[in-house]
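This is what each chain is made of:
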Amino acid sequence: MEEILYTALDYYKGIEFSDFYNSSMRAAAIGMFLSLFLTNLLSFLAIKKYLFKRKFSQSKKLALMNHAPGISMITGAYNESVTIIDNVHSLLSINYHKFELVVVNDGSSDDTLDKLIKEFKLEETKYIFETIVQSSPIRGIYRSTDMAYKNLVVIDKFNGGGKADAINAGLNIAKYDYFLNIDVDCVLDFDTLLIMMDVVLNEKKRCIGVGATLRMSNSSFVNRGTMENVGVPKKLLVRFQELEYIRSFVLGKMAWSYLNAVPNISGGLGLFDKEIVLKIGGYDKNSLGEDMDLVFRMVGYMQETNQPYCVRSVPRTLCWTEGPETLQILVRQRIRWSRGLFQILKKNKKVFLNPKYGRMGFIIFPYNLFFEFLSPFVEFIGIFVLIYSYFYDPVAFMNILYLIIAVISFYIGLSFSAVFLDRKIFNYYKNGFVTLGIAAMAIIEPFIYHPIIVYCSLKGYYDELTGKKKKWGVMTRKGFNKTNKNYEKLLV
């Protein structure tokens, strides 16, 4: 009798747990369906609105060239010897009437600084500035003796342990009211500053930040730092990242932009109101998600001081960046990103459902908590529940399996939507088969690439909880294709 009782109790507990998870999965799936459907709809509306505004702002281009505010482009460089010269030439070729480029050599141990000095005829100069935000000590400031590079400033400083410290040093030197935070390995569209500043000037509210679409530069043809032709990444791992970026920026960021609830502006490319950034103390060098942390604090400041504001995103690709080509570097990057998210949620928990913080409290924070932070846990637990229910609860197993298939199918459809929307409007890939090939990556992504991202998220959370030492790690640069050799192969 006792044995029967225990068996019945175990069976009841198993059914209860499976039913509970099944119900939770159903609720989560419905929430995800609604979220993805709204994302698709809102991104379409946002892109349509953006293109409408751009159509009527083209006539203002000449006036913009002459009267728009100046922009300081700030980039950190740590052991970037392989690509630094092409990168700086690319950034100096930007089409804008008033800008400066501030390159911060963040204590490189290679010949990054030596190459800069030789190529751009730099000499150390006395430079008077006020230290408004803290950074590691500056060793020297260099200007070019060649008037062709008169808008180039190179800062040599002790290593500060990450990009945030380097950008803070640049902020103390920057002379213009707006600054562009960029990764040094990025190749920018010729009209990047015009396009982003156009967004700022056409907003009725104070625009404190503007982001834009990024995609992979791997296998593209770059000539003297200028993107000549966009090539499709040859390596599978980078192609997954290409798909991920298109989906994230063209759909995700544009939907958030429509709601004025952009959760973060990529550290690879972001235009910011320098006054607001300085008032909040610059970048937090202790954060591993310094780009998202900055937007959270900027929006929080605007809400706390009751100032109308907006943060926008541009659907057009304005920046190409070199994506990790090895699993080791990708995993290290994504673990850092997940730790950054964890840090930000802990740091800003007072924001959650707090009316004082408006959209950030009721849209941005809840979304990041439930759909970004918690989803890896749900997926990981789901594997064990699926295995358990297969042996002990066939009905729950089939229900959960159907939900998983439905979510994956919907997500694949969303990826196809993002890729073909991007092609229809901007047409970066001239070959339709190439576009289809990128979209088709969505079919295998859930089984190859996505599990890697889930692992990285959970590993990042674990490292943060256990207090593992924070570090950025090194991104190995391979440089760009500089000749037309095998060029046709790059485009297919």
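Rules behind the numbers
- Residues numbered from 1 in each chain as written.
- Predicted model: local features only at pLDDT ≥ 70, side-chain atom pairs only at ≥ 80, totals over all residues.
- Heavy atoms only, no water.
- Helix = DSSP H or I, 4+ residues; strand = E, 2+ residues; numbered from the N terminus.
- Areas by Shrake-Rupley, 256 points an atom, 1.4 Å probe, with all protein chains shown as cover.
- Salt bridge = Lys/Arg side-chain N within 4 Å of Asp/Glu carboxyl O.
- Buried < 20%, exposed > 50% of the residue type's maximum accessible area, 1.4 Å probe, protein only.
- Pairing = 2+ DSSP bridges.

**Side note on the overall build of the protein chain**
Step number 1: Counting its regular elements, the protein chain contains 15 helices and twelve strands.
Step number 2: Element-wise, carbon and sulfur atoms account for 61% of the exposed surface of the protein chain, whose accessible area totals about 22900 Å².

**Focus on the pattern of salt bridges**
Step number 1: Under the counting rule described, the total for this entry stands at 22 salt bridges.
Step number 2: Between K157 and D106 there is a salt bridge; the shortest N-O distance is 2.5 Å. You can see K157 sitting in strand β5 (residues 152-157) and its partner D106 sitting in strand β2 (residues 99-106), a full 51 residues away along the chain.
Step number 3: Take K157: its relative accessible area is 0%, and that puts it in the buried class.
Step number 4: Its relative accessible area of 4% is what places D106 among the buried residues.
Step number 5: The closest approach of N and O atoms between D463 and K459, which form a salt bridge, is 2.9 Å. Within this pair, D463 and its partner K459 are both found in helix α14 (residues 432-465), separated by four residues, close to a single helical turn.
Step number 6: By relative accessible area, D463 is classed as buried at 5%.
Step number 7: If you follow the salt bridges from partner to partner, you end up with D106, K157, D165 and K285 in one network.

**Description of the pairing of strand β6 (residues 178-183)**
Step number 1: Summarising burial for β6: five of the six residues are buried, a large majority.
Step number 2: Sheet topology note: the strand β1 (residues 71-77)/β6 ladder contains six bridges and is parallel. Bridge pairing links S72 to F179 in β6.
Step number 3: In this sheet, strand β11 (residues 269-273) lies alongside β6 in antiparallel orientation, the contact comprising five bridges. If you follow Y178 over to β11, its bridge partner there is D273.

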